[in-house]
Amino acid sequence: MITLSVDTTSQSYAVGQVTGALLVGVVAIVLVWQLTGSWRKAVAAPGTLEPAEKARVQAKRRMLIIGVMVLIGVGSTVRAASMYYA
């Protein structure tokens, strides 16, 4: 690729950088959600927990993963904004 002809100060270049940074964040969020699906749903052997306790554990695990995904999203957004305004 010829990089001497790329204008790194143009608006289009900045938008491309931001789009790329946000795309990486979205892919990471989707991968985290897909790869933790069985962990979020499985709690223990059938019959060992009562339904209310099982629902509480599943909700706790789901909220943990959602928190991780929010951190990924915030990090991706901060990186995109820093790339745009740099």
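Rules and cut-offs
- Residues numbered from 1 in each chain as written.
- Predicted model: local features only at pLDDT ≥ 70, side-chain atom pairs only at ≥ 80, totals over all residues.
- Heavy atoms only, no water.
- Helix = DSSP H or I, 4+ residues; strand = E, 2+ residues; numbered from the N terminus.
- Rg over C-alpha atoms; globule rule 2.2 N^0.38 Å.
- Buried < 20%, exposed > 50% of the residue type's maximum accessible area, 1.4 Å probe, protein only.
- Areas by Shrake-Rupley, 256 points an atom, 1.4 Å probe, with all protein chains shown as cover.
- Expected span 1.5 Å × (residues − 1).
- Contact = heavy atoms within 4.5 Å.
- Axes fitted to C-alpha atoms, helices over the stretch in contact; angles between N-to-C directions.
- Parallel < 35°, antiparallel > 145°, perpendicular 65-115°, else oblique.
- Nonpolar A, V, L, I, M, F, W, Y, C, P; charged D, E, K, R; others polar.
- Salt bridge = Lys/Arg side-chain N within 4 Å of Asp/Glu carboxyl O.
- Patch = residues over 30% accessible without salt bridge, like charges linked within 9 Å, V, L, I, M, F, W, Y side chains within 5 Å.
- pLDDT = per-residue confidence, 0-100.

1. Quick notes on the overall build of the chain
- Along the backbone of the chain there are 3 helices and 0 strands.
- From first element to last, N terminus to C terminus, the chain shows the α and β order α-α-α.
- Compactness check: the chain gives a C-alpha radius of gyration of 20 Å against a globular reference of 12 Å for 86 residues, more than 25% above the reference.
- With the C-alpha coordinates aligned to their principal axes, the bounding extent of the chain is approximately 65 × 25 × 10 Å.
- A total of 86 residues make up the chain; the buried ones form 15% of that total.
- Here the chain has roughly 6,500 Å² of accessible surface; of this, 68% comes from carbon and sulfur atoms.

2. Comments concerning helix α1 (residues 11–35)
- Its 25 residues place the ends of α1 36 Å apart at the C-alpha level, agreeing with the 36 Å of an ideal helix rising 1.5 Å per residue.
- Within α1 the residues assigned to the buried category are A14, V18, A21 and G25.
- On its buried face, α1 sits against α3 (51–85).

3. What to know about the packing of α1 against α3
- Here α1 crosses α3 at 170°, and the two axes come no closer than 9 Å. It follows from the interaxial angle that α1 and α3 lie roughly antiparallel. Between α1 and α3, the residues in contact are Q11, A14, Q17, V18, A21, L22, G25, A28, I29, V32 and W33 and R62, I65, I66, M69, I72, G73, S76, T77, R79, A80, M83 and Y84, respectively.
- Class assignment of the residues belonging to the contact of α1 with α3 gives a composition of 15 nonpolar, 6 polar and 2 charged.

4. Digging into the pattern of salt bridges
- Summed over all chains, the structure comprises 1 salt bridge.
- Two residues, R56 and E53, come together in a salt bridge whose shortest N-O distance is 2.7 Å. Here E53 and R56 lie together in helix α3, a separation of 3 residues that amounts to about one turn.
- Under the relative-accessibility criterion, E53 is labelled partly exposed at 29%.

5. Quick word on a nonpolar patch on the surface
- A surface patch of nonpolar side chains, amounting to about 440 Å² of accessible area, comprises M63, I66, V70, V74 and V78.
- Along the polypeptide, V78 turns up in helix α3.

6. Comments concerning the confidence of the model for the chain
- For the chain, per-residue confidence averages 89 on the pLDDT scale, and 97% of positions sit at 70 or higher.
- The secondary structure element of the chain with the lowest average pLDDT is helix α2 (residues 37–41), at 88, and the one with the highest is α1, at 94.

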